Amino acid sequence: NELQLSDLKKKTLRGQMGQKQRGFIVGEATFGYRSTPVGTVRMDKKGRPRPDGYKMTIEPREAAVVLRIFQEFVEGKAESSIVKRLNQEGVQGRWRSKGGWSPATVHRILRNEKYAGKWVWNRSETRRDPKTGRRRKFPKPESEWFTNNDESLRIVPQELWDGVQARLQEVRKTWPGGKGRRGFEGQQGHRVVLYPTELLSGGMICGVCGSAIAKVSGKSGGYYGCLGAAKGACDNRVLVRRTLAERIITAAIREKLSSTENLAYVLKRVEENVTRMCSDVPETIKLKEAELQAEERRVANFIEFVADGRGSKAVAGALTISERKVQELTSELGMIRQSRDRVFKAPPLPWIEERVATVQEVLERRTEKSALLLRKLLGKIRLEPVKPEVGRPYLRARSQLQTLALLEIEPDAKEGVRGLTAPDAGSTALRWWRRGESNPRPPLLT
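Reading the values: the criteria
- Residues numbered from 1 in each chain as written.
- Predicted model: local features only at pLDDT ≥ 70, side-chain atom pairs only at ≥ 80, totals over all residues.
- Heavy atoms only, no water.
- Helix = DSSP H or I, 4+ residues; strand = E, 2+ residues; numbered from the N terminus.
- Buried < 20%, exposed > 50% of the residue type's maximum accessible area, 1.4 Å probe, protein only.
- Contact = heavy atoms within 4.5 Å.
- Areas by Shrake-Rupley, 256 points an atom, 1.4 Å probe, with all protein chains shown as cover.
- Expected span 1.5 Å × (residues − 1).
- Axes fitted to C-alpha atoms, helices over the stretch in contact; angles between N-to-C directions.
- Parallel < 35°, antiparallel > 145°, perpendicular 65-115°, else oblique.
- Left-handed = near helix turned anticlockwise from the far one by under 90°.
- Phe/Tyr/Trp six-rings, centres within 6.5 Å; stacked < 30°, edge-to-face > 60°.
- Pairing = 2+ DSSP bridges.
- Polar contact = N/O pair within 3.5 Å; in protein donor to acceptor, adjacent residues only side chain to side chain.

Chemist: Teacher, can you tell me more about the overall build of the protein here?
Modeler: Looking only at helices and strands, the protein features 14 helices and 15 strands. Here the protein holds 446 residues, and 32% of them are scored as buried. Sequence-distant contacts, at least 24 apart, represent 59% of the contacts inside the protein between residues at least 6 apart. Counting every atom, the protein has about 29100 Å² of accessible surface; 52% of that belongs to carbon and sulfur.

Chemist: Looking at this structure, I do not really get helix H1 (residues 2–21). What am I missing?
Modeler: Owing to its 3.6 residues per turn, the α-helix brings residues three or four apart onto one side. Compared with the 28 Å implied by 1.5 Å per residue over 20 residues, the 29 Å span of H1 between its first and last C-alpha is a close match. In the stretch just after H1, Gly23 is the one whose phi turns positive, near 95 degrees.

Chemist: When you look at the packing of helix H2 (residues 60–74) against helix H5 (residues 158–172) in this model, what are you seeing that I'm missing?
Modeler: If you want to describe how two helices pack, look at the angle between their axes and the distance between the axes. It is at 9 Å that the axes of H2 and H5 come closest, and there the two elements cross at 55 degrees. Between H2 and H5, the angle is such that the two are oblique. The crossing of H2 and H5 is left-handed. Contact residues: Leu67, Phe70, Gln71, Phe73 and Val74 in H2; Leu160, Trp161, Gly163, Val164, Arg167, Leu168 and Val171 in H5.

Chemist: Teacher, can you tell me more about the packing of aromatic side chains here?
Modeler: The geometry of an aromatic ring pair is captured by the separation of the ring centres together with the interplanar angle, meaning the angle of the planes. Summed over all chains, the structure comprises five aromatic pairs. Plain terms: the ring middles of Phe70 and Tyr115 are 6.2 Å apart, the flat faces sit at 70 degrees to each other, and that makes the pair edge-to-face. Placement of the pair is Phe70 in helix H2 and Tyr115 in the loop between helix H4 (103–110) and strand S5 (118–121), with a sequence separation of 45 residues. Here Phe70 falls in the buried class, since its relative accessible area comes to 0%. Overall, the relative accessible area of 1% leaves Tyr115 in the buried class.

Chemist: In this structure, what is going on with the sheet that holds strand S12 (residues 240–241)? I would like to understand it.
Modeler: Picture the strands of a sheet paired through backbone hydrogen bonds; they go either parallel or antiparallel. Strand order across the open sheet formed by three strands is S10-S11-S12, with antiparallel pairing between neighbours. A strand with exactly one partner marks an edge of an open sheet, and here the two such strands are strand S10 (213–217) and S12. As defined by bridge partners, strand S11 (residues 223–226) adjoins S12 across two bridges and the pair is classed as antiparallel. By the bridge assignment, Tyr223 is partnered in S12 with Arg241.

Chemist: Please clarify how the environment of Glu62 should be interpreted in this entry.
Modeler: Inspection of the secondary structure assignment puts Glu62 in helix H2. Taking C-alpha positions, Glu62 is 8.7 Å from Gln92, a pair spaced 30 residues apart along the chain. Not counting chain neighbours up to four residues away, the residues in contact with Glu62 comprise Phe31, Gly32, Tyr33, Arg34 and Arg94.

Chemist: Which parts of the structure should I look at to understand the side chain of Arg154?
Modeler: Tracing the backbone shows Arg154 in the loop between strand S8 (146–149) and H5. What makes Arg154 buried here is its relative accessible area of 19%. Only 3.0 Å separates the side chain of Arg154 from the backbone oxygen of Ala116, close enough to count as a polar contact. With sequence-adjacent residues up to four places away left out, Arg154 is seen in contact with Ile58, Tyr115, Ala116 and Gly117.

Chemist: When you look at the pairing of strand S7 (residues 135–139) in this model, what are you seeing that I'm missing?
Modeler: For a regular strand, the rule is simple: side chains alternate between the two faces of the sheet. Relative to S7, strand S6 (residues 124–128) runs antiparallel, the two being bridged by five bridges. Within S7, the residue paired with Ser124 across the bridge is Pro139. In textbook terms, the turn of a hairpin is the stretch between consecutive antiparallel strands, and for S6 and S7 this stretch comprises six residues, one of which, Gly133, has a positive phi near 80 degrees.

Put into structure tokens, the structure is as follows:
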């Protein structure tokens, strides 16, 4: 019996390898794709229709879900947040389940090379472990792998794929352990850098010691300060109120963006890029329409053949396949036509200037994505302490945009920092929380 099973395993693997060499698939079911029979359909010994082989085709509905997962992750959302949103909206997977989407499913999708057009087969095999008696997977040498790079099966663009893989590497630094590892080995990352909860979280460093600038106090919305100074390793003990820093930096961004010339230049570049990207849409529509007409004629021929009384199981199977393909082509044409009709058109400048005036409110609607965008725009913000001859010390912010003074002034001053005033004059003072402020006790009764 063992010899027969071993021989059957070798014959099955040899047959699968032959199908792979002919360009067909052997199993490899993946969310976002459908297997389609190709070639001549023949009847086997049991009277079942058998085509020459099967090939993968992209399933439009599932591919849109995959693309959405990749885009939301690269925009800064966590895997758990993506799962929560998919379940709230009732997005269906391939199989209906009571639990819906799970983090493990999204985790595998983000790391699946098939979505980038790389299909690897024969990477592992299943054998019985002689020690435990259980069957488990064992990796095969890379020389036995069968790799196929097919751009027609690519769902995720290369730029988006590279961005997701780079972010996965950064996210991996925030988790300890792993295969062959114990604890945090190598450079450890910080969760706030990857999943910012505020607009400037993880984007500021101390200009004295290079340590991270983070909230060291929770009073009045929070105060930013040097973490090295909080541990006694740095002399930069100047604090700045979180709301003040966000207002000054967003005001500087608004000043740069509110220029009419800058807005007109950006809109012109966007229109040119969209026009270039949509230049091949008419040709794609023509090809899809021709393919749809050919498939509809094939369905009509099958129906006429069956109507003459010459139907069979093989014809019925081929008719079902053609009808499914007609539905897929119809949905693809609808999506392409919608994308053609929704070509970007620049809105009027007064409307854009009104939106730019409320840039901070817009950024705060989606904090995680906005914080990552601010880091790309400003780079690392260095906060350097400044001690003037007269007045209290304050912090000067240096970024790729410009240099800003995070200085809070008195309410009765004639001139302010971009019109910002605040009655709380302790935002940059050398004061830490006194004992009892964070957890005050009730007054004693006399």
